[in-house]
Amino acid sequence: MFQVNAFLARRLLAAITLGVACAILVTILMQSWTLTRTMENLRDQNVDASLSNMLPLINESIWAFDSANVARAAEALLRDPYISGVAIQSIEGEINLHLGDLSDRDPDWLQPTEERTELATENALIIATPVIHDFNDTPTTIGWIYLRSDNELIRNQVSLVLGGALVSAIVAIVFLLAALYWVVQRLVARPIRHFSEYVQRISPDDFTQWSQQREPLLEGRRDEIGQLYEVFNRQHDNLIERDKALRQHQDDLEKVVAERTEQLQQSNRSLTDSLEKLKIAQEELLQSEKLASLGNLVSGVAHEVNTPLGISITAASHLTSEARTAQRALGNNQLKKSDLERFFSECLETGDLLSANLDRAAQLIRSFKQVAVDQTSEELRHINLHAYIDEVLTSLKPKYKNAPIEVINDIEPDVTTRLSPGALAQVVTNLVINSLMHGFDDGQRVGQIRFSSAAASNHRISLVYEDNGVGMSEETLKHIFDPFYTTRRSSGGSGLGMNIVFNLVTGKLGGRIQIHSPPHDGCRFRITLPLKTNAELAEGL
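Residues numbered from 1 in each chain as written. Predicted model: local features only at pLDDT ≥ 70, side-chain atom pairs only at ≥ 80, totals over all residues. Heavy atoms only, no water.

Colleague: I'm lost on the sheet that holds strand β10 (residues 460–467) in this one. Help?
Modeller: Backbone hydrogen bonds hold the strands of a sheet together, and the pairing may be parallel or antiparallel. One open sheet holds the five strands; their spatial order is β7-β9-β10-β12-β11, and the pairing between them is mixed. Where the open sheet ends on each side, the last strands, each with one partner, are β7 (405–410) and β11 (512–516). The sheet shows a mean angle of 15° between the axes of neighbouring strands, taken without regard to direction. Inspection of the sheet shows β10 paired to strand β12 (residues 523–530) by eight bridges, in the antiparallel sense. Looking at the pairing, Ser 462 lines up with Thr 528 of β12. Most of the contacts of helix α8 (residues 421–439) go to β10, to which it runs at about 20°, and overall it touches β7, β9 (447–456), β10 and β12. Here helix α10 (residues 497–506) sits on the sheet in contact with β11 and β12, set at roughly 140° to β11. (Pairing = 2+ DSSP bridges. Helix = DSSP H or I, 4+ residues; strand = E, 2+ residues; numbered from the N terminus. Axes fitted to C-alpha atoms, helices over the stretch in contact; angles between N-to-C directions. Contact = heavy atoms within 4.5 Å.)

Quick look at the structure:
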């Protein structure tokens, strides 16, 4: 701060000096141009006057072939300070005079001319004038006069005038800058330096040590520095008072913050305990929902398996009865060929019936077993997406077998990846059950459910699930993935089905789920899952 104040006068004077120097430079350039033009005009006037005075004498001398008078006239012209060379030539060539800077070997412009011409070069002005004599009232050119006027004299005169003016201006500027330096030091720099020292003295780094003092050298000043000093003192006093009030408020605030912090910590502890209990309850509810879903599958599969098993038992009993009849006929020696053929036919038909129904029961049990194992296990394994969805749908078939609903699996048959099949099975189960319950009024409406697949970017596959049920309202669509939100609370809905779907897709399956459901126009879920090609799966093995 002191360094800035110490150099204030010098910086101000440097700026003034630079400005004045630029102004002087511009003025000198303008005066140089103006003075040069003036001197050139004066030179032109003098040359024209000298030429006008000597032209009659030269005219008569050339006409009379008087070389002596021509020479005296040329010397008279050279006495003009602005003329540095003279050349006079007659038309017949008897007179060819060159004096001063003009030589007969010099420029090509020493050529006959019919009228006065001027040639301005960088160093001189050349004037060519014809000598015209009236002979029998007829103007006749009898010769030529060439004059050279150097610019050096004009430059010297201009330099002399401008040099004197420049010296005078520099002397005046030096005295002016010295006076300005003294004035700036006394009226600006020194008061500012005192003001800076005053600010440093009364404003230590610790705000609590700020003091109310005065600077005698700045008291009573009526200029801008005095006004700045007074304004600073008022602000300084206000800051001291505000600091005292702020510290008191800070002390009070610290007490309040301490009390509120204690209360907040207690509330946080309570909330933490409640959150832990809520997480445990949510996990239990999720597990219960999964087990309830699995229990529904058990009852459905048990009912579905009962039919082929009952047919198999009946067929086995019928086969046993036929065998005993054939055995008795054989023991009594009453077995006929026709009886034996009928027995073999009955055995084949019953065997085919037994095989078909037992295969059907085995397929149901195998699908249920795989889905049940997957739902209770979080192990990752390689699956064919189309085949696995078929297994899940097989285990769910008892739920929609008697409903007017068509379930279609249009997933590409060669899509293979590695994921948690239990999570995928739970997602498919919840979507199908949700459609049956909400989209088709517990299977009372005619409709269609369709699974399909579509390629996505960055090694991902989109599993598309859609139905043509009643769709969802905007309110339902907004809260579809919220836990415990359901439109069938009175019918036993828990509101966890779609929340489980969202958590499984975004968590265990590492994907994304999007929903589109116009009112009264079905719903469409797009589930984007990571995709691993057969080569990647082989590398993983």
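Colleague: Explanation requested: the nonpolar core in the structure shown.
Modeller: Grouped burial of nonpolar side chains is what soluble globular proteins tend to show. Residues Leu 424, Val 432, Phe 451 and Phe 525 are the most contacted members of the largest nonpolar core, which totals 42 residues. Those elements that place two or more of their residues in this core are α7 (385–400), β7, α8, β9, β10, α10 and β12. Considering each element in turn, this core owes the most residues, eight residues, to α8. For Phe 451, the contacting residues outside a window of four places in its chain are Ile 389, Leu 393, Val 407, Ile 408, Asn 409, Asp 410, Ile 411, Val 428, Val 432, Leu 463, Val 464 and Tyr 465. (Core = buried A, V, L, I, M, F, W, Y, C linked by side-chain atoms within 4.5 Å. Buried < 20%, exposed > 50% of the residue type's maximum accessible area, 1.4 Å probe, protein only.)

Colleague: Please explain the environment of Trp 144 as it appears in this structure.
Modeller: Along the chain, the position of Trp 144 falls in strand β5 (residues 138–150). Take Trp 144: its relative accessible area is 8%, and that puts it in the buried class. Once the C-alpha coordinates of Trp 144 and Ser 90 are considered, the two residues, 54 residues apart in sequence, prove to be 6.4 Å apart.

Colleague: Please clarify how the environment of Leu 180 should be interpreted in this entry.
Modeller: Examined against the element boundaries, Leu 180 turns out to sit in helix α4 (residues 152–202). For the pair Leu 180 and Ile 16, spaced 164 residues apart in sequence, the C-alpha separation works out to 9.4 Å. Each residue touching Leu 180, except ones within four places of it in the same chain, is listed here: Leu 13 and Ile 16.

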